Amino acid sequence: MRRHIVPAVTTAAAVTGVVVLTLVTAAAPGNATDRPSSAYAIGADGQVPVDRTPYVESRDGRERSSSALELPKNPLLSARAATVTAGNDKASVELLDVTLGKGALDAVQLPPDLKKSCASLPPTGAGDLPIPDLPLPDLGLPLPDLSTADLPVKNLPDLCNLLLTPPSSILGIDSVNVWCAGDQGGVDIGSLTLLGQKLQVPETKQGAVIPAAPLATISVNQQSQQADGSFTVTGLTINLGDGAQVIRLASATCAKPAAKTTPKPQPTRPQPVPGTDVGRPPAAPVPTPVKTHHPVTG
C-alpha cells in the first residue's frame, strides 16, 4: 500500500487576498497500461491553457529525459529552464525561474487623489495612515476585480511604494524540484516571492497557514495514489479566480511498465491428405512380372 507523505505548507498574503498553501490528496481510477511513469514541468488549464512542457513518459521502463528552455507563448507564465526524467517506477523534475504575471503591475496608474496622497506623505507618522479602498484596473490575468485593500500592504506608505515601484511579477519561484520512486516522493522549493515579498516554505511534515485573503489557493507537495497503483507528486498547484485558472508546476508520476504477455504455443495436428476416391480404399498396385528359369524334370 503506498503511503502519503504530508508536505510542508506555507501561505501568505497575495495581491488579491489570502493565499493558502495546503495539501490535497486524491485518487483516480486508471489502468497501468494507460498511466506510465511520466513527468512534466509546467501545465495550465483555464482561460490561458498551457500544454505540459516539457513532457516525457516511459512505457517500457527505460529511462527517458526531455528539456526545454522556454514555454509555449502565453501571457501568464514564463520559465528559464526545465528538465524532466521518467523510468521504471521513478520520475523527477527540475524547474528554474518561474514567473507568474510578469509586469502585471507596471500598467497600474494611481488615481489622482492617491497619487497626491503618496506625494505628500510626512517623513514621520505615515505608518499610521490607513489604506484607501480603491479599485485597480484589469491586470490582464484571470483574476476577479481587485482593489487596493486586496494588496499585501500594511499602511499607505507600503501601498505607495508597491504601486510606484511595482515588482517584476506577481509570483516568482526560484526553483521547484520534484521526485518520486515507487510509492514515495518529495519536493524541494527554492525562494518564493509574492509581489516582491519573500515567503518561507517551512520544512515540516505539518501544514502551516499564514493569514491572507481568498483570491488564490496554492497547494504544495500534492501527493496522490491512483487506483491502478501509480503514484504522483506535484510540487505546486496554483488556483486563480476560484478555478478560472489552474497552474501545475513540476509533476512526477511513478508506475511500473505493464508486463508483456507471451503468446502460448498451440499444438499442431497432422492434416489427412484426401484421396481421389473418397470413402473407397486405394487400388492395389499392378504386379510386375519377373522372368526366371525353372529346371525341367522328366
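So, here's what we can say about the structure. Since the structure is predicted, the reported quantities are computational estimates derived from the model, not experimental observations.

Looking now at the overall build of the protein chain. When helices and strands are counted, the protein chain shows two helices and 14 strands. Counting across all 298 residues of the protein chain, residues that qualify as buried make up 42%. Taking the contacts inside the protein chain whose residues are at least 6 apart along the sequence as the reference set, 63% of them involve residues at least 24 apart. Of the roughly 17,600 Å² that the protein chain leaves accessible, carbon and sulfur atoms contribute 54%.

On to the pattern of salt bridges. Within the structure shown, the criterion is met by seven salt bridges. Between E57 and R59 there is a salt bridge, with its nearest N and O atoms 3.0 Å apart. Under the relative-accessibility criterion, R59 is labelled partly exposed at 45%. Between D60 and R62 there is a salt bridge, with its nearest N and O atoms 2.9 Å apart. On the basis of relative accessible area, R62 is assigned to the exposed category, the value being 54%. Here the residues in one salt-bridge network are D60, R62 and R64, joined through shared partners.

We now examine the packing of helix α1 (residues 112-119) against helix α2 (residues 156-164). Two elements in contact, α1 and α2, have axes whose closest approach is 10 Å; the angle formed by their N-to-C orientations is 110°. By the angle between their directions, the pair α1 and α2 is classed as roughly perpendicular. Handedness of the crossing formed by α1 with α2: left-handed. Here α1 contributes L114, S117 and C118 to the contact with α2, which in turn contributes L156, L159, C160, L163 and L164.

A word on the packing of aromatic side chains. This structure, assessed with the given rule, holds zero aromatic pairs. Its guanidinium or amino end placed over the ring of Y55, R52 lies 4.3 Å from that ring's centre, counting from NZ or CZ.

Ranked by size, the top nonpolar core spans 61 residues in total, and within it I42, L77, L95, I247 and L249 carry the most contacts. When residues no more than four places from it in sequence are discounted, the contact partners of I42 are D51, R52, T53, L71, L77, A79, L95, V98, R248 and L249.

Calculation notes
Residues numbered from 1 in each chain as written. Predicted model: local features only at pLDDT ≥ 70, side-chain atom pairs only at ≥ 80, totals over all residues. Heavy atoms only, no water. Helix = DSSP H or I, 4+ residues; strand = E, 2+ residues; numbered from the N terminus. Buried < 20%, exposed > 50% of the residue type's maximum accessible area, 1.4 Å probe, protein only. Contact = heavy atoms within 4.5 Å. Areas by Shrake-Rupley, 256 points an atom, 1.4 Å probe, with all protein chains shown as cover. Salt bridge = Lys/Arg side-chain N within 4 Å of Asp/Glu carboxyl O. Axes fitted to C-alpha atoms, helices over the stretch in contact; angles between N-to-C directions. Parallel < 35°, antiparallel > 145°, perpendicular 65-115°, else oblique. Left-handed = near helix turned anticlockwise from the far one by under 90°. Phe/Tyr/Trp six-rings, centres within 6.5 Å; stacked < 30°, edge-to-face > 60°. Lys NZ or Arg CZ within 6 Å of the ring centre and 35° of its normal. Core = buried A, V, L, I, M, F, W, Y, C linked by side-chain atoms within 4.5 Å.

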